[in-house]
Amino acid sequence: MRIIAMICLVLGPLIAAPVLALTGRPIQTATTLLVVGPMNGLPDILHRAGGRPIGPTRAPLALLAVADDHPEGFPERLKAEGAWLVLDGAIAAQLCGV
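Not measured: the values here are computed from a predicted model.

Cut-offs applied
- Residues numbered from 1 in each chain as written.
- Predicted model: local features only at pLDDT ≥ 70, side-chain atom pairs only at ≥ 80, totals over all residues.
- Heavy atoms only, no water.
- Pairing = 2+ DSSP bridges.
- Helix = DSSP H or I, 4+ residues; strand = E, 2+ residues; numbered from the N terminus.
- Axes fitted to C-alpha atoms, helices over the stretch in contact; angles between N-to-C directions.
- Contact = heavy atoms within 4.5 Å.
- pLDDT = per-residue confidence, 0-100.
- Buried < 20%, exposed > 50% of the residue type's maximum accessible area, 1.4 Å probe, protein only.
- Core = buried A, V, L, I, M, F, W, Y, C linked by side-chain atoms within 4.5 Å.

(A) Seen up close, the sheet that holds strand β2 (residues 51-54). Pairing in this open sheet of four strands is antiparallel, and the strands run β2-β3-β1-β4 from one edge to the other. Two strands lie at the open edges of the sheet, namely β2 and β4 (85-88), each paired on one side alone. Each neighbouring strand pair of the sheet contributes to a mean axis angle of 40°, computed without reference to strand direction. Judged from the four bridges that link them, β2 and strand β3 (residues 62-67) form a sheet pairing that is antiparallel. The residue bridging Arg52 from the neighbouring strand is Val66, located in β3. Contacts from helix α2 (residues 42-49) reach β1 (33-36), β2 and β3, with the element oriented near 135° to β2. Packed on one face of the sheet, helix α3 (residues 74-81) meets β1, β2, β3 and β4 and runs near 10° to β1.

(B) Quick look at the confidence of the model for the chain. Averaged over every residue, the pLDDT of the chain is 74; residues scoring 70 or more account for 63%. Within the chain, helix α1 (residues 2-23) has the poorest average pLDDT of any element, 57, and α3 the best, 91.

(C) Structural detail: the pairing of β1. Alternating residues of β1 divide into Leu33 and Val35, all buried, and Leu34 and Val36, none buried. Strand direction decides the pairing type here: β1 and β3, joined by four bridges, are antiparallel. Paired with Val36 across the bridge in β3 is Ala62. Summarising the sheet, β1 and β4 pair through four bridges and their orientation is antiparallel. Its bridge partner being in β4, Val36 is matched across the sheet by Leu85.

(D) Up close: the nonpolar core. Within the largest apolar cluster, 13 residues are counted, with the highest numbers of intra-cluster contacts made by Leu33, Val35, Leu46, Leu63, Phe74, Leu78 and Ala83. Listed by contribution, the elements that provide at least two residues to this core are β1, α2, β3 and α3. Sort the elements by how many residues they give to this core and α2 lands first, with four residues. When neighbours within four sequence positions are excluded, Val35 is seen to be in contact with Leu42, Leu61, Ala62, Leu63, Ala65, Leu78, Ala83 and Leu85.

(E) Focus on the environment of Leu61. Locating Leu61 in the fold gives a position in the loop between β2 and β3. Given a relative accessible area of 42%, Leu61 falls into the partly exposed group. Taking C-alpha positions, Leu61 is 5.0 Å from Met39, a pair spaced 22 residues apart along the chain.

Below is the structure:
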């Protein structure tokens, strides 16, 4: 039990820092978004919010997405439909070659 606590104390800040840095970035309305949400519900959330997935593959808890027609308010629509977190996905899209 002590080993797990030690690992959490060491790795926690290392994992939290990049996540906090990403969540602080402003989202551009016409950009690719990284959408994090429930594993089986993300395609439905994206469809209801008026977007579509992009990229070569889909991760278990996230996907890259763009708005189909109306990028204004797209991040807010995703959150209203049940997305847990919506981040600017431009960097992730570049890494994935999208």
